[in-house]
Each structure stands twice: as C-alpha cells, then as structure tokens.
Amino acid sequence: MSDYLEPPKRYNRPQPQEPQKVVKHSGSKLNKNDIFTLGGMDIPFFALTIALLTVGLVMLFSASYPYALQNEGNSYYFFSRQLVFAIAGVIVMLAVSKMNYRLLKVIIKPLTAVTLLLLVVVLFYHTNLGDFKRWIPLGPITLQPSDIAKFTVVIVMADYVTKNAKKMKNPVHGVVIPVAILAVFCGLIYLEHHLSCTILVFCIGATIMFCGGSDWRLFALGVGIMAAVIVVVVLNPEVLMNYAGDRIKAWLDKGYDPKGARWQTNNSLYAIGSGGFFGTGLGNSKQKFLYVSEPQNDFIFAIVCEELGFLGAGLIILLFALLFIRGIQIAMRTDDRFGALVVIGIVSQVAVQTIFNIMVVTDTIPNTGIALPFFSYGGTAILMLLFEMGVVLSISRKSNQKKV
C-alpha cells in the first residue's frame, strides 16, 4: 500500500438551468428569443414593392396637383401627406420584415376584436360624405377600418385553414364555417356602403379557402351561385342600395345621367383614349384639370394611361404581375402552411384589387369605388399595404431563400 495519499477530488455540482420561458399561442410555442428572424429577405419582392411605391408617388403628385390647388389651396397637399405615410410605411415594412411572422398568431384574437369593433364604430361615428360610412375622423387624419379588415381576414382565414387542414374537404369545416366567418366581416363592410371592399374581402377569403384545400366541387358550386346572384343584381339593380344601383344603371346605359353617375367614367375613358400608345407625357394630362373628379383616388390609373400611354400603363401592370408571381413563389417555398397562406392572401388582395380598379376605370365593370394599391391617395391604405409587404418579407426570410 502506498504511503502517499492523494487529496480527495472535488467535483463541481452542475447548477440546474432555469427553464426557458416560452410564449404560448394557438397551440404552438414561441421561444422568447425567437422574436426576430434571421436570413436575407427576398430582394426581388422588396425591389418590386419600392418600384411600385415610387412610381405611385410620382403619379399621385402629377394627377392630384390641380385638384389639390383648387380645393385645398396647396398643390402639394395630397402628395405631401401621402409621402409622410409612405416613409412611415417603409420604416414599418422593414421593421416587420425582421419580426418572426409566427407572432401574428399571438395577436389574432385581439386584432379580430379590435377590427370588428372599429367596423361597428364607423357605422355610428364617421365623416360626413354623403351616404358613405367608411372613415373614422381622428383629428387631422381619418382611419378606414376596412383597410385593417383586409389584413385581419387574411390571418384569421389562414389560421383557421391551418388548424383544420385535414377537415377542409368536409362541407361544414371546409365551406360553411369559413363562409360564416367571412359573412361577419363582409356584412359590416357592406353596411358602410362599401360594396367594392365587400366583394374584395370575400375574394380574399375564398382564395385562401381554395388554396387551403376546400372541396373544389363545393367551391365551384359556390362560384356558380355567386355568378347567378350577380346576374340577378345586374338585371335588377334596385335591390341594392341607391348609390350602388345607380352605378349599375350607369354602367349598363352609357347615356344614363352623363353629368352625374357617368361623369367620372366618361372622362376616364376620354383620358385613356387621349393617351394613345406613348402618352401625352408626364404632367401633361388635360382630364385631371377638374374633369376626372378626385383623380388622386380611384381613377388615378386613367391619368396614368393619359400621361404614360399604353406602353407606360402596360409596364405598371407588369410590375403588379411580377409582384404577384414573386409572392406566389415565396409561398411555394415556405414549408409552413400558415405562412404560405398568409402570403397567398396578401398578394391575392393586391392582385384582385388592382384588377378591379383597372376594370372600373376602363368601364368593364360598374364604378365600385375601389383604390389602386400603391397609387391611390390614402394614409391608412398605404400604411397597411406596406405593413403587409413587410409580413411577406418576414416569411421570405424564414423560407431560407437564397439572396438574389
């Protein structure tokens, strides 16, 4: 036995680690440190967004300065206000693009409650603009709840379809329940005398349902029923609210009330025809001088056609098409059903709204009063639109796409 004894060894007892805090939401867990997302955002989608925003601002100023000078005493009135919201929107877009889009699941219930509350409030407290109940006055600005409702419907429907993915072929879970959800939003928006947004919101929800797996036969049946309703309404416009019925009459009868219901549409067609192939040149529109009423809003595309011609208008339509295509590519590369459906809902909203606006301006469908994304004047609209673009960019980061 050795005379040398080694001193006893001491072992440091491992300290128990504190359990990682998590935020629970919608049946999933989100790490506290997972608020921000890594990876590069989709550069083509970002570039297309900035391009449309820039062209939209230029055309807004060109289209609006005569009307702004006449009615507000300041040629820069609409442009300067829109520019402020656009800059704020870009900042919001970049900030949201760094956030983990899964955080949207945390706010679904409170956002839905707030949106429905605003849709109810605007029916009783709104700006005095004829029979329209669309804007809540907030001091120097106004808030349009229907713009918020578009995004709310996207995430509500995407969340519902994700949770019921295996039940979407079932008539109740795949059609009845989601249509009931849409009916609540569409019903409140329709009461605002905002028929175009009512149709748009329904189209957004229907697109998510279809992409989410609703039985295509039931979906086709629903489309058939909707087409039949449209035919009945067109043949009997008196069943709608007065303003909507008059616009359908003006669309069917080209000589109906030319100084009233058809004034804006007729001058829109004059502007488009005057533009020709190459246009009259930026700033050289004649119809914006108090012929096309409020050219900074729904009929701004008519001024685009007059000043930039068929060529310029075609290039702008191409930018919108590329934005939609790139959005669909982002959705297809996303391995999360919720994220993919959110992207589809957002880009579908932009696409459908753009198509409707151009169809109205060209007298293809009745004048429904729908704005052109990125172009038409509206602070709430541009801010919400850029927020939504930020959500798409956030999802593009999580889809691990390579920078292009």
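Residues numbered from 1 in each chain as written. Predicted model: local features only at pLDDT ≥ 70, side-chain atom pairs only at ≥ 80, totals over all residues. Heavy atoms only, no water.

**Student:** Outline the overall build of the chain, supporting the account with residue identities and numerical values.
**Tutor:** Across its full length, the chain holds 12 helices and 4 strands. By residue count, 47% of the 404 residues in the chain fall in the buried class. For the chain, contacts bridging at least 24 residues in sequence account for 73% of all contacts bridging at least 6. Accessible area for the chain stands at about 20,400 Å²; split by element, carbon and sulfur atoms hold 66% of it. (Helix = DSSP H or I, 4+ residues; strand = E, 2+ residues; numbered from the N terminus. Buried < 20%, exposed > 50% of the residue type's maximum accessible area, 1.4 Å probe, protein only. Contact = heavy atoms within 4.5 Å. Areas by Shrake-Rupley, 256 points an atom, 1.4 Å probe, with all protein chains shown as cover.)

**Student:** Describe the packing of aromatic side chains, and please don't skip the residues or the numbers.
**Tutor:** In total, this model carries 12 aromatic pairs according to the counting rule given. Pairing Phe 320 with Phe 374 gives two aromatic rings, centres 6.3 Å apart and planes at 45°, and the pair type is tilted. Taken as a pair, Phe 320 in helix 10 (residues 300-332) and Phe 374 in the loop between helix 11 (337-361) and helix 12 (379-398) lie far apart in primary sequence, 54 residues in all. The class of Phe 374 is buried, set by a relative accessible area of 3%. Among the aromatic side chains, those forming a connected cluster through ring pairs are Phe 61, Tyr 65, Tyr 76, Phe 79 and Phe 289. Lying over the aromatic face of Phe 338, Lys 105 brings its terminal NZ or CZ to 5.0 Å of the ring centre. (Phe/Tyr/Trp six-rings, centres within 6.5 Å; stacked < 30°, edge-to-face > 60°. Lys NZ or Arg CZ within 6 Å of the ring centre and 35° of its normal.)

**Student:** Describe in detail empty space enclosed by the protein, supporting the description with residues and values.
**Tutor:** The tally for this structure, following the rule as stated, stands at 2 cavities of 30 Å³ or more. Along its surface, the largest cavity is lined by 18 residues, and Gln 353, Pro 373, Ala 381, Ile 382 and Leu 385 are the ones closest to its centre. Those elements giving two or more residues to the lining of the largest cavity turn out to be helix 4 (145-163), helix 11 and helix 12. In terms of residue count, helix 12 provides more of the lining of the largest cavity than any other element does, 5 residues in total. Per-class residue counts for the lining of the largest cavity are 10 nonpolar, 5 polar and 3 charged. Approximately 50 Å³ is the volume attributed to the second largest cavity. Residues that form the lining of the second largest cavity fall into these classes: 4 nonpolar, 2 polar and 3 charged. (1 Å grid on protein atoms, 1.4 Å probe; cavity = no way out; pocket = protein on both sides within 12 Å on 5 of 7 lines; lining within 4 Å. Points joined across faces, edges and corners; volume = space filled by probe spheres on them. Nonpolar A, V, L, I, M, F, W, Y, C, P; charged D, E, K, R; others polar.)

**Student:** Which residues make up the nonpolar core, and what values go with them?
**Tutor:** Formed by 88 residues in total, the largest nonpolar core has its most connected members in Val 342, Phe 374, Phe 375 and Met 389. With sequence-adjacent residues up to four places away left out, Phe 374 is seen in contact with Thr 49, Leu 52, Leu 53, Gly 56, Leu 57, Phe 320, Leu 323, Ile 382, Leu 385, Leu 386 and Met 389. (Core = buried A, V, L, I, M, F, W, Y, C linked by side-chain atoms within 4.5 Å.)

**Student:** Describe in detail a nonpolar patch on the surface, supporting the description with residues and values.
**Tutor:** Residues Phe 277, Phe 278, Phe 310, Leu 311, Leu 315, Leu 318, Leu 322, Phe 324 and Ile 325 make up a contiguous nonpolar surface patch of roughly 890 Å² in combined accessible area. Mapped onto the elements of the fold, Leu 315 is located in helix 10. (Patch = residues over 30% accessible without salt bridge, like charges linked within 9 Å, V, L, I, M, F, W, Y side chains within 5 Å. Salt bridge = Lys/Arg side-chain N within 4 Å of Asp/Glu carboxyl O.)

**Student:** Provide a residue-level description of the environment of Thr 207, including the pertinent values.
**Tutor:** Assignment of secondary structure puts Thr 207 in helix 6 (residues 195-211). In sequence terms Thr 207 and Met 157 are 50 residues apart; their C-alpha atoms lie 9.8 Å from each other. Among the polar contacts listed, one links the side chain of Thr 207 to the backbone oxygen of Cys 203, at a separation of 2.8 Å. (Polar contact = N/O pair within 3.5 Å; in protein donor to acceptor, adjacent residues only side chain to side chain.)

**Student:** I'd like a rundown of the packing of helix 3 (residues 104-124) against helix 4, residues and numbers included.
**Tutor:** The packing of two helices is summarised by the inter-axis angle and the distance between the axes. It is at 9 Å that the axes of helix 3 and helix 4 come closest, and there the two elements cross at 145°. Pair helix 3 / helix 4 crosses with left-handed handedness. Contact residues: Leu 104, Ile 108, Leu 111, Thr 112, Thr 115, Leu 118, Leu 119 and Val 122 in helix 3; Pro 145, Ser 146, Ile 148, Ala 149, Phe 151, Thr 152, Ile 155, Val 156 and Asp 159 in helix 4. Of the residues assigned to the contact of helix 3 with helix 4, the class counts are 12 nonpolar, 4 polar and 1 charged. (Axes fitted to C-alpha atoms, helices over the stretch in contact; angles between N-to-C directions. Left-handed = near helix turned anticlockwise from the far one by under 90°.)

**Student:** So what's going on with the side chain of Ser 348? Residues and values would help.
**Tutor:** Position of Ser 348 relative to the elements: it lies in helix 11. For Ser 348, a relative accessible area of 7% puts it in the buried group. Apart from the residues lying within four places of it in its own chain, the contact partners of Ser 348 are Thr 207 and Phe 324.

**Student:** Which residues make up the pattern of salt bridges, and what values go with them?
**Tutor:** Scanning the entire structure with this criterion turns up 5 salt bridges. The residue Lys 163 makes a salt bridge to Asp 159 at a minimum N-O spacing of 3.2 Å. Of this pair, Lys 163 and Asp 159 both sit in helix 4, separated by 4 residues, roughly a single helical turn. The exposure class assigned to Lys 163 is exposed, which follows from its relative accessible area of 52%. Relative accessible area serves as the criterion here: at 8%, Asp 159 is assigned to the buried category.

**Student:** I'd like to hear about helix 10, residue by residue, with values.
**Tutor:** Under the 1.5 Å per step criterion, the end-to-end length of helix 10 is only 33 Å for 33 residues, more than 12% shorter than the ideal 48 Å. The largest bend in helix 10 comes to about 120°, at Gly 309. (Expected span 1.5 Å × (residues − 1). Bend = angle between axes of the 7 residues up to and from the residue.)

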